[in-house]
Amino acid sequence: EQKRMEDATRKEILGAFKKDDSGLAGFSSNQLTAICNAMTLVKVPTNEILCDCVEGIYYVCSGSIKNAKTEKVVPTGTIFGTDSVFAGSSSTGSDKIVATSPSSVWHIHRQLFQAVLIRQTKDNDSKRSKVLSAIPMLAPLSAAQQRKVAAVMQKTKFSPHEVIIK
């Protein structure tokens, strides 16, 4: 049975994502939340292998793990593996990741990561297309044309009484 991520943990992971310098920080809050919601909790006993190679994003929720080859320790509150989702291959080759203490790690495989982003993009485009079809001037556009317009739309917030068009 898959454990549901607690709100406090989601907030921690989202904070780590936003500080990440690999590219995650550029994603929308909706995309990052969708990624969090798709993550799986893995409990790893001391000296047990978490993975034979890094293929996805990992967040060490508790405990400590290390790269068995380099001996580099990954402490609690740290994300790793982002290179593997952007590069399309494992970032550490065949390096084993081992728990140095009982650890809880949230993980999303790179293929699931990509699928979540594709679904999120399609959902956003679909919502935008519905908005466009409700605008009389844009309603005559074909679905394909509406998707193209939707893909380049940007959300802008205006304050009350702000002049939008002069």
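Because the structure is predicted, anything quoted here is derived from the model rather than measured.

Trainee: So what's going on with the overall build of the protein? Which residues, and what values?
Mentor: A count of helical and extended segments in the protein gives five helices and eight strands. The secondary structure elements of the protein, listed N-terminal to C-terminal, are α-α-β-β-β-β-β-β-α-β-β-α-α. For the protein, the C-alpha radius of gyration of 20 Å lies well beyond 15 Å, the compact-globule estimate for 166 residues. Here the C-alpha coordinates of the protein stretch approximately 65 × 35 × 30 Å along the principal axes. Taken over 166 residues, the protein has a buried fraction of 34%. In the protein, the proportion of contacts linking residues at least 24 apart, taken out of those at least 6 apart, comes to 70%.

Trainee: Could you give an account of the pattern of salt bridges, naming the residues involved and the relevant values?
Mentor: Pairing is possible between side chains that carry opposite charge, provided their charged atoms lie close to one another. By the definition in use, this model includes four salt bridges. The shortest N-O distance in the salt bridge between Lys96 and Asp52 comes to 3.3 Å. Residue Lys96 is located in the loop between helix 3 (82–87) and strand 7 (97–99), and its partner Asp52 is located in the loop between strand 2 (49–51) and strand 3 (56–62); the two are separated by 44 residues in the primary sequence. Of the residues examined, Asp52 reaches a relative accessible area of 45% and is grouped as partly exposed. As a salt-bridge pair, Lys66 and Glu71 come within 2.9 Å of each other at their nearest N and O atoms. A residue is classified by how much of its surface remains accessible, and Lys66, at 21% relative accessible area, is partly exposed. Taking the relative accessible area as the measure of exposure, Glu71 reaches 46% and is therefore partly exposed.

Trainee: I'd like a rundown of the sheet that holds strand 1 (residues 40–44), residues and numbers included.
Mentor: Taking strand neighbours across the sheet as the criterion, the four strands line up as 1-8-3-6 in an open arrangement whose pairing is antiparallel. The two strands at the open ends of the sheet, each matched to only one other strand, are strand 1 and strand 6 (79–80). In the packing of helix 1 (residues 7–19) onto the sheet, the strands contacted are strand 3, strand 6 and strand 8 (103–109), and the crossing angle to strand 3 comes to about 130°. Sheet strands in contact with helix 4 (residues 110–133) are strand 3 and strand 8, and its direction is about 60° off that of strand 8.

Trainee: Give a detailed account of the nonpolar core, specifying residues and quantitative values.
Mentor: The biggest cluster of nonpolar side chains holds 22 residues, and the ones touching the most others in it are Ile13, Phe17, Ile35, Met39, Ile108 and Phe113. Elements represented by at least two residues in this core include exactly helix 1, helix 2 (29–37), strand 3, strand 8 and helix 4. Phe113 has contacts with Leu24, Phe27, Ile35, Ile57, Val85, Phe86 and Ile108, leaving out every residue within four places of it along the chain. Listed in part, the twelve residues of the second largest apolar core include Leu50, Tyr58, Val60 and Ala99.

Trainee: Give a description of the packing of aromatic side chains that names residues and reports values.
Mentor: All told, the structure shown has two aromatic pairs when counted by the stated rule. For the ring pair Tyr58 and Phe80, a centre distance of 4.8 Å and an interplane angle of 10° mean the geometry is stacked. On the criterion of sequence distance, the pair formed by Tyr58 in strand 3 and Phe80 in strand 6 is long-range, its members being 22 residues apart. Using a relative accessible area of 4% as the deciding quantity, one classes Tyr58 as buried.

Reading the values: rules and limits
Residues numbered from 1 in each chain as written. Predicted model: local features only at pLDDT ≥ 70, side-chain atom pairs only at ≥ 80, totals over all residues. Heavy atoms only, no water. Helix = DSSP H or I, 4+ residues; strand = E, 2+ residues; numbered from the N terminus. Rg over C-alpha atoms; globule rule 2.2 N^0.38 Å. Buried < 20%, exposed > 50% of the residue type's maximum accessible area, 1.4 Å probe, protein only. Contact = heavy atoms within 4.5 Å. Salt bridge = Lys/Arg side-chain N within 4 Å of Asp/Glu carboxyl O. Pairing = 2+ DSSP bridges. Axes fitted to C-alpha atoms, helices over the stretch in contact; angles between N-to-C directions. Core = buried A, V, L, I, M, F, W, Y, C linked by side-chain atoms within 4.5 Å. Phe/Tyr/Trp six-rings, centres within 6.5 Å; stacked < 30°, edge-to-face > 60°.

Fair warning: the whole summary comes from geometry, so function is off the table for now.
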